[in-house]
Amino acid sequence: ASNIRNGAIRKKIAFFTHGCKLNYTETSTISRKIKHEGYSIVDFNTPADYYIINTCMVTEKAERKCRQTIKKAYKQNPEAKIIVIGCYSELKANELKEIPGVFLTFGNSDKFNIVNVISEKNDPKPDNANEFHSSYSAGDRTRSFLKIQDGCNYFCSYCTIPYVRGRSRNAPIAQLIETAKTIKAQGVKEIILTGINIGDYGKSSNENLHKLLMELANIDDIYFRISSIEPNLLTHEIIDLVKNNKQFSPHFHIPLQAGTDKILKRMNRKYSISFFRDKVSEIKKAIPDCFIGTDLIVGFPGETEDDYTETYNYLNQLELSDIHVFSFSSREMAKAYTMEPKVKGEIIKKRSDGIQLLAQKKHLSFIQSQLNKTKLCLFEKSAKNKYIYGLTDNYIKVVTNYKEGLENTHQMVQLTSIENNNEVFCKII
Ligand code: SF4
C-alpha cells in the first residue's frame, strides 16, 4: 500500500491553516518538506498520526477558531500528536499546551523545524526570530504564492504582527528570481507576491520592491500579482510599472483601515485620508480598469458616530472596487488595548453591516463598469460540471461553458452578463 515504505508504515500527517496568505504559503512549504522526507499527507478530516495546525491570533474570533480546529483533530484521533504552529503559538504557547491532545507548539521563529521533529532527527535547533524562511505555495498549478518578505517595523496600534513575526526582512532578489523560475517550471501561470508588509521589501538586502518587480519582469511567460501593499509604500514607479508591463495584473489592495485623520493618527498609520484619496486617483488615472481593494477597521477605540458617518461618506466617493471590513478586536499586546473609550459590540456590528453594504455596492458597480470589455483571464485547473471558472487580470471572477483545453490557460474574454447570484459570465474571444 502507498502507506508502506521500506517495510515500515508511513506516518500520516494532516495540515490545517488559519489566517493570512503567508500562513498558507508557509504551510505549503512545510508540507512539501515533510512529504519529501517520505511521509504521507492526508486530508485533515481523516485520522492521522500528526495534525499540524498553523494558527492566527489577529482577532479573538481567529483564536477561537484555532482552538476549535485543535478539538476537532483530537476528536478524530485522540492518539494523534497535535502540533500547533504560527502566531497563536508564538504568543500563547502555555495556553495551547493545556488543550487535550496538544503535543508540541512552535512559534514563528522555529516552526520550520517541525520537519526535524516529525522525522525524529531530534535536532530542532532554535533559530532566530529575524531569520527569513523562503516559502511558496504549490499544489494548485494555476497560481502560486511566493513569500518575498516577512515581519513589520510599523507598529500600528491595533496590530500584534510585529510582536509575533519580528522585524521586516526579506530574501534577496537573486534568490527570489530562482524560486520564481522553479515555480514557473512546475507549470504555474501566475505568482502572487506575498509578505506582511511587502512595500517595505529590501530592508535586509538593501534592495527595494520596484527593483524586484523589474527583475521578475525579465522572466517570460508568467504573470505576477502584487498583493496587499501599504498606501505610503505604493510608489509612482510601481504604479507606472504595472501600467506599462502586462505581466503585472492591474490589481492593488491598499489597506486604508480608517476614514478619518483622527482615527488614522490613533492607529499610528503613516498617511492621511487626502494622501490615500490622491493615491486612488493616481492609480485610476494611470490604469482606469484597475481593481482597487482596501481594508477598513470599524469600532476602533474613540470612533464616534460622526467619525463613522465621515468614514462612510469618504469611502463612498472613492473609486474602490471592494472593501474588506473588520471589526476592531482588542489584542493584549497591541497599544490600542488600553485606548479608550471602547465602542460597544452592537454598535460595531451596525457599523460593520453599513460598510459591508457599501462594499457590495462598490463591487457590483466595478463589475458593471467592466461589462462588454475584453480582459485577459486565467482559467482554473479544473472544470466544475459544465462550467469553468477563471479570474481576469483585474480580479473579476468569471465563468463560461467548459471546453476541453481551457484548464490552466490564459484567454482573452469578453464579460457578457451578471447573473442573479452575481456570477459574471464571459465568452472567449
Ligand atoms: S503595517 Fe501595521 S497593520 Fe500591517 S503588519 Fe505592520 S503593524 Fe500590522
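Quick caveat, the model's predicted, so the values are computed rather than measured.

What counts as what
- Residues numbered from 1 in each chain as written.
- Predicted model: local features only at pLDDT ≥ 70, side-chain atom pairs only at ≥ 80, totals over all residues.
- Heavy atoms only, no water.
- pLDDT = per-residue confidence, 0-100.
- Contact = heavy atoms within 4.5 Å.
- Pairing = 2+ DSSP bridges.
- Helix = DSSP H or I, 4+ residues; strand = E, 2+ residues; numbered from the N terminus.
- Right-handed = clockwise from strand over helix to strand, strands pointing away.
- Axes fitted to C-alpha atoms, helices over the stretch in contact; angles between N-to-C directions.
- Near = heavy atom within 4 Å.
- Nonpolar A, V, L, I, M, F, W, Y, C, P; charged D, E, K, R; others polar.
- Domains from an automatic or database assignment.
- Buried area = accessible area lost by both parts, 1.4 Å probe.
- Salt bridge = Lys/Arg side-chain N within 4 Å of Asp/Glu carboxyl O.
- Polar contact = N/O pair within 3.5 Å; in protein donor to acceptor, adjacent residues only side chain to side chain.
- Disulfide = S-S within 2.5 Å.

Undergrad: Account for the confidence of the model for the protein, with residues named and values stated.
TA: With 95% of its residues at a pLDDT of 70 or more, the protein shows a mean pLDDT of 92. Taken together, the stretch residues 122-127 has pLDDT below 50 and engages in 10 contacts with residues farther than four places along the chain or on a different chain.

Undergrad: Explain the pairing of strand E12 (residues 223-226) to me, using residue names and the numbers behind them.
TA: Pairing between strand E11 (residues 190-194) and E12: 4 bridges, direction parallel. Bridging across to E12, isoleucine 192 finds its partner in arginine 225. With respect to chirality, the unit in which E11 leads through helix H8 (residues 209-216) into the neighbouring parallel E12 is right-handed.

Undergrad: Summarise the sheet that holds strand E5 (residues 50-55); cite the residues concerned and give the values.
TA: Strand order in the open sheet formed by 5 strands is E4-E3-E5-E6-E7, and the pairing between neighbours is parallel. Because the sheet does not close on itself, it has two edges, and the strands there are strand E4 (40-42) and strand E7 (102-106). Neighbour-to-neighbour, the strand axes of the sheet open up by a mean angle of 25 degrees, direction not taken into account. The pairing of strand E3 (residues 12-17) with E5 spans 5 bridges and is parallel. What sits directly across from phenylalanine 16, in E5, is isoleucine 53. Docked against the sheet, helix H1 (residues 21-36) engages E3, E4, E5 and strand E6 (81-86), running at close to 170 degrees with respect to E3. Against the sheet, helix H2 (residues 60-76) makes contact with E3, E5, E6 and E7, and its axis sits at roughly 175 degrees relative to E5, the strand it touches most.

Undergrad: Now, about the site of the ligand: what can you tell me, with residues and values included?
TA: Surveying the vicinity of the ligand reveals the residues Cys152, Tyr154, Phe155, Cys156, Tyr158, Cys159, Ile161, Pro162, Ile196, Glu230 and Arg269. Here the residues of the shell around the ligand are counted per class, giving 9 nonpolar, no polar and 2 charged.

Undergrad: With reference to specific residues and values, describe the domain arrangement of the protein.
TA: Taken domain by domain, the protein comprises domain 1 (4-118), domain 2 (143-369) and domain 3 (374-428). The distance between the C-alpha centroids of domain 2 and domain 3 comes to 26 Å. Residue-level contacts link 15 residues of domain 2 with 15 residues of domain 3. Here domain 2 meets domain 3 over a buried area of about 1400 Å², counting both sides, of which 62% is carbon and sulfur. Ranking the residues of domain 2 by area buried against domain 3 places Arg143, Lys189 and Ile367 at the top, with a combined share of 38%. At the boundary of domain 2 and domain 3, one finds 2 salt bridges. Residues aspartate 289 and lysine 375 are paired through a salt bridge, measuring 2.8 Å at the closest nitrogen-oxygen approach. Put simply, domain 2 and domain 3 have 6 residue pairs in polar contact (both at pLDDT 80 or more) between them. Listed by contribution, the elements that provide at least two residues to the side of domain 2 that touches domain 3 are E12 and helix H13 (345-370). Residue contributions to the side of domain 2 that touches domain 3 peak at 4 residues, all from H13. Class assignment for the residues of the side of domain 2 that touches domain 3 results in 6 nonpolar, 4 polar and 5 charged.

Undergrad: Quick one: what's the story with the environment of histidine 251, residue by residue and with numbers?
TA: Structurally, histidine 251 is set in strand E13 (residues 251-253). Separated by 74 residues in sequence, histidine 251 and valine 325 place their C-alpha atoms 19 Å apart. Residue contacts for histidine 251: discarding those within four places in its chain leaves Arg225, Ile226, Cys290, Phe291, Asp393 and Tyr395. Separated by 3.0 Å, the side chains of histidine 251 and arginine 225 make a polar contact.

Undergrad: Hey, could you go over the state of the cysteines for me, with residue numbers and the actual values?
TA: With the rule as written, the count across this model stands at 0 disulfides. The thiol of cysteine 290 is unpaired, and the distance to the nearest cysteine sulfur, on cysteine 377, comes to 17 Å.

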